[in-house]
Amino acid sequence: MHLAKRILNVAPSATLAVSNLAKEMKARGETVFDLSIGQPDFTTPDFIDQAAVAAIQSGAASFYTPAAGLPALKDAIAAHVLDQTGVRYSPKQLVVTTGAKLALYGLFQVLLDPGDEVLIPVPGWVSYVEQVRLAGGVPRAVMSSSHFKVTVDDLEAQRTKHTRAVIINSPSNPTGAVYTKAELTLIGNWALRHDILVVADDIYRDLLYNGATYTSIIQIDPAITANTVLISGASKSYAMTGWRIGFAAGPEKLIAAMTKLLGHATGNPTAAAQYAAIAAFSSDGQSVAAMRDAFEDRLNTVYPLLLQVPGFELPDKPQGAFYLFPNVRRAATLTHHTSVDDFVAALLAETGVALVPGRAFGLPDHARLSYAAAKADLVEAISRIQAFVGQN
Ligand code: PMP
Ligand code: GLU
């Protein structure tokens, strides 16, 4: 069977791979603490489910919608973004997608010609690199030099005449780091100066802890807003990962191009999910706050426990998202593993605790733990990690 070079050059998603393995082990009846995949462990709030049920039962969800999404959903998203950021996007500046993942995928497809480069901060989410490759672009890793965040100097060192875009994901997957307004102002102005589009992946913006605040790069000034495409979605804020609703907001020309592409790809995001998302984005935020509170409590429980595990190092307490990203190189050595990948594999096989190897995010000495799991499971999982490292 001949397959296109385009796909042969792409690595499978490591987050999905570990989580599939954990699911298989569970199906075999093994005890598994799946701290691999990044998704809220809560089910979707009932009022959101009910909106989808009503749309299904009335027949409204039976039909294709516009490729860019239902006008009512675009209005709800625009109102929500305006409320959170003070930035107003018109319907033509918004496209609803099948998850934020497809918003990013579509964006790179319409933005990049062969050889165009995208600056991707390291550590960073697994799919950015492969999505850029799938679009014929060249991912350029930018090692972060400041508390898991990139500075203008880091970016400038990797800029070439082919640089088309820079991705800023704050709060960050996999580190939970949050960029300050001052840091984003410097990055936004640098991007503007060099005509580099900013891709602001704000999907975790509702998940901030212990008093942390967030100003999105779209909020800094109108020139920076106009040079930015905002990516976000319903998955993380509303416990809606399975519904697959995301969006992109930005320059009309770019959004029109993405809409044209998606018109040939998905046609439209699933109608029932769009009706559910109208309820989500129009809601008063109480359900988001309740889940955020639970994540905060788990962070505050788990972070000090993790620091006690021999060979786990994580100097900064994360401020957002739901991940911890310790350096575990010493733990791997203590347990006689030559690589962190082997350590993570052995940990899963022997204790049932699933983490994602840091290699997936560009830092092979680290491992990612998602604390979007029940508190009792988190505590048990960490005590198993501690026993595993201690016994060897
Ligand atoms: N961006 C980041 C940083 C993510 O962690 C994820 C993972 N879910 C996504 C985008 C995509 O989210 P979704 O497709 O579920 O909206
Ligand atoms: N973004 C989540 C994660 O990093 C979900 C899985 C994925 O899409 O990669 O685990």
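Our subject is the structure listed above.
This write-up is about the structure you can find in this document. Since we're looking at a predicted model, the values are computed, not measured. (Residues numbered from 1 in each chain as written. Chains lettered and ligands numbered in written order. Predicted model: local features only at pLDDT ≥ 70, side-chain atom pairs only at ≥ 80, totals over all residues. Heavy atoms only, no water.)

## Observations regarding the overall build of the protein
Check the secondary structure of the protein and you find 15 helices and 12 strands. Here the protein has a C-alpha radius of gyration of 21 Å; the compact-globule value for 392 residues is 21 Å, and the two agree. Its C-alpha atoms give the protein principal-axis dimensions of roughly 60 × 55 × 55 Å. Among the 392 residues that make up the protein, the fraction classed as buried is 54%. For the protein, the proportion of contacts with a sequence separation of at least 24, taken over those separated by at least 6, is 73%. Of the roughly 16300 Å² of accessible surface on the protein, 55% is carried by carbon and sulfur atoms. (Helix = DSSP H or I, 4+ residues; strand = E, 2+ residues; numbered from the N terminus. Rg over C-alpha atoms; globule rule 2.2 N^0.38 Å. Buried < 20%, exposed > 50% of the residue type's maximum accessible area, 1.4 Å probe, protein only. Contact = heavy atoms within 4.5 Å. Areas by Shrake-Rupley, 256 points an atom, 1.4 Å probe, with all protein chains shown as cover.)

## Considering the site of ligand 2
Thr15, Leu16, Ile37, Gly38, Lys101, Trp125, Asn173, Lys236, Tyr323 and Arg368 make up every residue found near ligand 2. At 2.8 Å from an oxygen atom of ligand 2 is found a side-chain nitrogen or oxygen belonging to Lys101. Per-class residue counts for the shell around ligand 2 are 4 nonpolar, 3 polar and 3 charged. (Near = heavy atom within 4 Å. Polar contact = N/O pair within 3.5 Å; in protein donor to acceptor, adjacent residues only side chain to side chain. Nonpolar A, V, L, I, M, F, W, Y, C, P; charged D, E, K, R; others polar.)

## Quick word on the sheet that holds strand β9 (residues 323-324)
Read across the sheet, 3 strands follow the order β9-β12-β11 without closing on themselves; strand pairing throughout is antiparallel. In the strand order of this sheet, the two ends are held by β9 and β11 (356-357), each with one partner. Examined bridge by bridge, β11 and strand β12 (residues 367-370) share 2 bridges and lie antiparallel to one another. Residue pairing in the sheet places Val356 in a bridge with Arg368 of β12. (Pairing = 2+ DSSP bridges.)

## Description of the site of ligand 1
Taken together, 13 residues surround ligand 1, and among them Ala100, Asp201, Tyr204, Lys236 and Arg244 come closest. Note that an oxygen atom of ligand 1 is positioned 2.7 Å from one of the side-chain N or O atoms of Tyr204. Between ligand 1 and Lys236, the relevant distance is 2.5 Å, taken from a nitrogen atom to a side-chain nitrogen or oxygen of the residue. Out of a free accessible area of 390 Å², ligand 1 has 93% covered by protein chains. The element contributing the most residues to the shell around ligand 1 is helix α5 (residues 99-111), with 3 residues. Among the residues forming the shell around ligand 1, the class breakdown is 5 nonpolar, 4 polar and 4 charged.

## Overview of the packing of helix α4 (residues 71-85) against helix α11 (residues 271-282)
Two quantities define a packed helix pair, namely the angle between the helix axes and the distance between the axes. At their nearest, the axes of α4 and α11 sit 9 Å apart, and the two run at 25° to each other. Here α4 lies roughly parallel to α11, going by the angle between them. α4 and α11 meet at a crossing whose hand is left-handed. Touching Ala72, Leu73, Ala76, Ile77 and His80 of α4 are Gln274, Ala277, Ile278, Phe281 and Ser282, all from α11. Looking at the contact of α4 with α11 residue by residue, the class counts come to 7 nonpolar, 3 polar and no charged. (Axes fitted to C-alpha atoms, helices over the stretch in contact; angles between N-to-C directions. Parallel < 35°, antiparallel > 145°, perpendicular 65-115°, else oblique. Left-handed = near helix turned anticlockwise from the far one by under 90°.)

## Considerations on the sheet that holds strand β7 (residues 228-233)
Within a beta sheet, neighbouring strands are joined by backbone hydrogen bonds and run either parallel or antiparallel to one another. If you trace the 7 strands from one edge of the open sheet to the other, you get β2-β8-β7-β6-β5-β3-β4, paired in mixed fashion. Bordering the open sheet on either side are β2 (94-97) and β4 (138-143), each of which pairs with just one other strand. Taking each pair of neighbouring strands and ignoring which way they run, the sheet shows an average axis angle of 20°. Across 5 bridges, strand β5 (residues 163-169) lies against strand β6 (residues 197-201) in parallel orientation. In the strand pairing of β6, Val166 is matched with Val198.

## Details of helix α6 (residues 126-134)
With 7 of its 9 residues buried, α6 lies for the most part within the structure. Among the residues making up α6, those that are buried are Val126, Ser127, Tyr128, Glu130, Gln131, Val132 and Leu134. Gly136 sits one or two positions beyond α6 and adopts a positive phi of about 85°.

## Here we look at unusual backbone geometry
Across the junction of Ser170 and Pro171, the peptide omega takes the value -10°, indicating a cis bond. With respect to the helices and strands, Pro171 occurs in the loop between β5 and α8 (181-193). The omega torsion across Asn173 and Pro174 is 20°, close enough to zero to call that bond cis. Its identity is not glycine, yet Ala239 carries a phi of approximately 55°, on the positive side. Positive phi outside glycine occurs at His336, with the angle close to 65°. Take His336: it is sitting in the loop between α13 (329-334) and α14 (340-351).

## A short note on helix α15 (residues 375-391)
When the terminal C-alpha atoms of α15 are compared, their 24 Å separation across 17 residues agrees well with the 24 Å that a helix rising 1.5 Å per residue should span. By the burial criterion, the buried members of α15 are Leu378, Ala381, Ile382, Ile385, Phe388 and Val389. Mapping the buried residues of α15 onto a view down its axis gives an arc of 120°, with all of them on the same face. Those residues of α15 that are exposed and aimed more than 90 degrees away from the buried face are Ala376, Gly390 and Gln391. Residues of α15 that are buried in the fold lie against β1 (33-34), α12 (286-307), α13, α14, β10 (353-354) and β12. (Expected span 1.5 Å × (residues − 1). Arc of directions from axis to C-beta.)

## Thoughts on the pattern of salt bridges
What the rule picks out here adds up to 13 salt bridges. The salt bridge partner of Glu130 is Arg133, with a shortest N-O separation of 3.1 Å. With Glu130 and Arg133 both in helix α6 and 3 residues apart, the pair spans about one turn of that helix. A relative accessible area of 38% means that Arg133 is categorised as partly exposed. Here Glu313 ties to Arg330 by a salt bridge, and the two come within 2.9 Å at their closest N and O atoms. Placement of the pair is Glu313 in the loop between α12 and β9 and Arg330 in helix α13, with a sequence separation of 17 residues. With relative accessibility at 37%, the residue Glu313 sits in the partly exposed group. The structure contains a network of salt bridges with shared partners spanning Arg292, Asp293 and Glu296. (Salt bridge = Lys/Arg side-chain N within 4 Å of Asp/Glu carboxyl O.)

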